[in-house]
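A structural walkthrough
The lines below spell out each chain.
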Amino acid sequence: QVQLVESGGGLVQAGGSLRLSCQASVRIFGINVMSWYRQAPGKQRELVATITSGGDTNYADSVKGRFTISRDNAKNTMYLQMNSLKPEDTADYYCNAISNFRNYWGRGTQVTVSS
């Protein structure tokens, strides 16, 4: 099984940047898909970005061009670089991994963007 721990959240002004990290308890080179999700208060959890074991990436339209997802297999860590942050990016951000047809989730890290 996989244990995931997010870090890097915090308070930032609009236009600023944050870098989120997701550290896995196992080697991630064999994990097919890893993703970042977010959930704002009163809203459904939404997919932000995904990255495959081969390095292919996909982004939600709302963050395309501003966020970059990456993974470092040697460090067993996935990242989300968030630039040009907007107040609407405020949410709890969650790390997700799909392995052996099962979903694994971190406990989340909070991101707050002030105007």
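Higher on the page you've got the structure.
Report on the accompanying structure.

1. Some details on unusual backbone geometry
- Of note in the backbone geometry, N76 takes a positive phi value of approximately 55 degrees without being a glycine.
- Along the chain, N76 turns up in the loop between β7 (67–72) and β8 (77–82).
- For N76, a relative accessible area of 18% puts it in the buried group.
- Although it is not a glycine, S84 sits at a positive phi angle of roughly 50 degrees.

2. Some words on the state of the cysteines
- Overall, the coordinates contain one disulfide when judged by the stated rule.
- Across a sulfur-sulfur distance of 2.0 Å, C22 and C95 are joined as a disulfide pair. Across the S-S bond of C22 and C95 the torsion is about -70 degrees, and the bridge reads as left-handed. Here C22, found in strand β3 (residues 18–24), pairs with C95, found in strand β9 (residues 91–99); they are 73 residues apart in sequence, far enough to count as distant. Judged on exposure class, the residue C22 and its partner C95 are both buried.

Thresholds applied
- Residues numbered from 1 in each chain as written.
- Predicted model: local features only at pLDDT ≥ 70, side-chain atom pairs only at ≥ 80, totals over all residues.
- Heavy atoms only, no water.
- Helix = DSSP H or I, 4+ residues; strand = E, 2+ residues; numbered from the N terminus.
- Buried < 20%, exposed > 50% of the residue type's maximum accessible area, 1.4 Å probe, protein only.
- Disulfide = S-S within 2.5 Å.

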